[in-house]
Amino acid sequence: MDLSDTPQEAEFRARLREWLGKALPSLPAKPSPDDWPGRRAYDLGWQRTLYDAGYGDVHWGAAPAVRMIFLEETEKAGAPYVGANFVGLLHAGPTVAAEGSDEQRARWLPPVLRGEEVWCQGFSEPDAGSDLAALRTRAWRDGDDYVVSGAKIWTSHAEVADWCELLVRTDPDAPKHRGITWLAMPMDAPGITVRPLRTLAGSNEFAEVFLDEVRVPVANRVGEENDGWRVTMVTLSFERGTAFVGEVVACRRVLGELALAARENGHWDDAVLRRRLGRLNAEFRALWRLTQWNVSEASTGVPGVGGSVFKLRYSHARQELYEAAAEVLGGAGGAALDLEQPWVLDRLSSLSYTIAAGTSQIQHSIVAERVLGLPKGR
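What counts, and where the lines are drawn
- Residues numbered from 1 in each chain as written.
- Predicted model: local features only at pLDDT ≥ 70, side-chain atom pairs only at ≥ 80, totals over all residues.
- Heavy atoms only, no water.
- Salt bridge = Lys/Arg side-chain N within 4 Å of Asp/Glu carboxyl O.
- Buried < 20%, exposed > 50% of the residue type's maximum accessible area, 1.4 Å probe, protein only.
- Helix = DSSP H or I, 4+ residues; strand = E, 2+ residues; numbered from the N terminus.
- Pairing = 2+ DSSP bridges.
- Axes fitted to C-alpha atoms, helices over the stretch in contact; angles between N-to-C directions.
- Parallel < 35°, antiparallel > 145°, perpendicular 65-115°, else oblique.
- Left-handed = near helix turned anticlockwise from the far one by under 90°.
- Contact = heavy atoms within 4.5 Å.
- Nonpolar A, V, L, I, M, F, W, Y, C, P; charged D, E, K, R; others polar.
- Expected span 1.5 Å × (residues − 1).
- Phe/Tyr/Trp six-rings, centres within 6.5 Å; stacked < 30°, edge-to-face > 60°.
- Lys NZ or Arg CZ within 6 Å of the ring centre and 35° of its normal.
- Patch = residues over 30% accessible without salt bridge, like charges linked within 9 Å, V, L, I, M, F, W, Y side chains within 5 Å.
- Areas by Shrake-Rupley, 256 points an atom, 1.4 Å probe, with all protein chains shown as cover.
- Lys, Arg positive; Asp, Glu negative; His and termini not counted.
- Charge placed at Lys NZ, Arg CZ, Asp CG, Glu CD.

Caption draft 1: View of the pattern of salt bridges. What the rule picks out here adds up to 26 salt bridges. Between E224 and R221 there is a salt bridge, and its shortest N-O distance comes to 3.9 Å. The class for R221 is buried, based on a relative accessible area of 18%.

Structure representation (structure tokens):
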């Protein structure tokens, strides 16, 4: 298979590189990690810059090869990550594009692409653990509204979001997978309380969200009532199959930097470390090819179960990458925990990857049952 750029792709790559070289030096200073209003403005500003330059819809409307080139070149150039736009751009938006009505797509998608609105994700709940379908947040019909009460946890970017992709239980008597509905909830509605959560790394991009008889228009329902689990599988397919694409590029860059640092500080003489870095190189090259497959599949519809294969392998590979970083950069025993060092924050963050977007145990079950055809456990 010829994986080199076509003439059209090479032209796009060169044009993008030239544009990045001009656009990036003019960006304002990046705000403090704790300044979420500032980070929201910064991330939305970058998305608007991309939109004005014709790159705003690259995550949805571009051909797979073009999207991969975009992610490679922006990462190599040190361009900003999607940040607060993560949920809207990478899974809520694609879900609305795939499952929403014409009116819903017209209302919600352009503001995401133009860098005007931020979405958060209201899926996980305090008492549900990894069993997402065990959610208890209730919604009942009252005329043209749903009235919602309950609580969500690990709600990404809730304190700066305009909208929330929200899962609610609309039929408590139905089997747990069949009584769920997917709603788009405006975050300025009365009855919403947001309480930020601080992570191990000291950041607060997650929050608890408490809902006290919040009214959400029935027109904001994506899909049919009680069909939300199917719509949720669409969301999770995007989240697991395509949302981490840029991070694979970043990990490949970090791996190259680690190999260079090991040569400079003498760790390269350790044959065990060299084998570890070599195996990680092979792992991330394979993940990149799987990413290309998932992005290609998403360009013609919704990613399949390959997203779970990717999520499972990537989560563990990322953790091992930053364990290797600790060995190469962390001093005696790799024990240093200087939070001023970027690799330390990334190492702490990597610990969450086997939990976020579906635990590794859940991914193992999906792969076993839906890929390998093994019987369900009892």
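That covers the picture; the talk isn't over yet.
Caption draft 2: Broad picture of the pairing of strand 3 (residues 145–152). The element strand 3 is largely enclosed, with a buried count of six among its eight residues. Examined bridge by bridge, strand 2 (residues 138–142) and strand 3 share five bridges and lie antiparallel to one another. By the bridge assignment, A139 is partnered in strand 3 with V148. Two successive antiparallel strands, strand 2 and strand 3, enclose a turn made up of two residues, where G143 displays a positive phi of approximately 70 degrees. As paired elements, strand 3 and strand 7 (residues 206–217) share seven bridges and run antiparallel to each other. Within strand 7, the position partnered with G150 by the bridge is L211.

Caption draft 3: The pairing of strand 7, seen in detail. One ladder, built from six bridges, connects strand 6 (residues 192–197) with strand 7; its direction is antiparallel. Paired with L197 across the two strands is F206, which belongs to strand 7.

Caption draft 4: Fine view of the packing of helix 4 (residues 86–99) against helix 5 (residues 102–113). Closest axis-to-axis distance for the helix 4/helix 5 pair is 10 Å, and the angle between their directions is 160 degrees. Looking at the two axes, helix 4 sits roughly antiparallel to helix 5. Considering only the axes of helix 4 and helix 5, their crossing is left-handed. Each of G88, L89, G93, V96 and A97 in helix 4 lies in contact with helix 5, whose residues at this interface are Q104, R105, W108, L109, V112 and L113. Classifying every residue of the contact of helix 4 with helix 5 gives seven nonpolar, three polar and one charged.

Caption draft 5: Main features of helix 1 (residues 7–23). Helix length check: helix 1 (17 residues) gives 24 Å between terminal C-alpha atoms against 24 Å at 1.5 Å per residue, within 8%. Packed against the buried residues of helix 1 are helix 2 (36–52) and helix 3 (64–77).

Caption draft 6: The arrangement of the side chain of D43 in detail. Positionally, D43 belongs in helix 2. Non-local contacts of D43, meaning those with residues more than four positions away in its chain, are made with Y81, V82, G83, A84 and N85.

Caption draft 7: Quick peek at the packing of aromatic side chains. Applying the stated rule across the entire model yields seven aromatic pairs. Plain terms: the ring middles of Y55 and F70 are 6.2 Å apart, the flat faces sit at 35 degrees to each other, and that makes the pair tilted. Taken together, the residues span a long stretch of sequence, with Y55 in the loop between helix 2 and helix 3 and F70 in helix 3 at a distance of 15 residues. This pair shows no difference in class: Y55 is buried, exactly as F70 is. Ring centres 5.9 Å apart and planes at 90 degrees place the aromatic pair W108 and W119 in the edge-to-face group. Linking W108 in helix 5 with W119 in strand 1 (residues 119–122), this pair joins segments that are 11 residues apart in sequence. For the pair formed by W108 and W119, the shared burial category is buried. Taken together through their ring pairs, the aromatic side chains of F12, W19, W46, Y55 and F70 make up a single cluster. Taking the ring centre of Y146 as reference, the NZ or CZ of R141 above it sits at 5.6 Å. For the cation-ring pair, R263 lies above W268, with the distance from its terminal atom to the ring centre recorded as 4.1 Å.

Caption draft 8: Molecular detail of the packing of helix 1 against helix 3. Remark: helix 1 packs on helix 3, axes separated minimally by 10 Å, with the N-to-C direction vectors making an angle of 30 degrees. In terms of axis orientation, helix 1 runs roughly parallel to helix 3. You can see that helix 1 and helix 3 cross each other, and the crossing is right-handed. Two secondary-structure elements touch here, helix 1 through E9, F12, R13, L16, R17 and L20 and helix 3 through A65, V66, I69, F70, E72, E73, T74 and A77. Of the residues in the contact of helix 1 with helix 3, the class split is eight nonpolar, one polar and five charged.

Caption draft 9: Summary view of the environment of L329. Looking at the element boundaries, L329 is found in helix 9 (residues 306–329). In this structure, the C-alpha to C-alpha distance between L329 and L258, residues 71 residues apart in sequence, is 8.1 Å.

Caption draft 10: How the structure looks around helix 5. The end-to-end C-alpha distance of helix 5 is 16 Å, a good match for the 16 Å that 12 residues give at a rise of 1.5 Å each. Restricting attention to buried positions, one finds in helix 5 the residues Q104, W108, L109, P111, V112 and L113. In this structure, the buried residues of helix 5 make contact with helix 2, helix 4, strand 1, strand 4 (163–169), strand 5 (180–186) and strand 8 (221–222). Two residues or fewer past helix 5, G115 is found with a positive phi of approximately 70 degrees.

Caption draft 11: Layout of unusual backbone geometry. Even without being a glycine, H157 presents a positive backbone phi close to 60 degrees. Phi is positive for E213, close to 50 degrees, though the residue is something other than glycine. Relative to the helices and strands, E213 is located in strand 7.

Caption draft 12: Region of interest: a positive patch on the surface. A cluster of basic residues, K76, R252, R285 and R289, forms a positive patch at the surface. Here R252 lies in helix 7 (residues 245–265). Look at R252 and you get partly exposed, because its relative accessible area is 31%.

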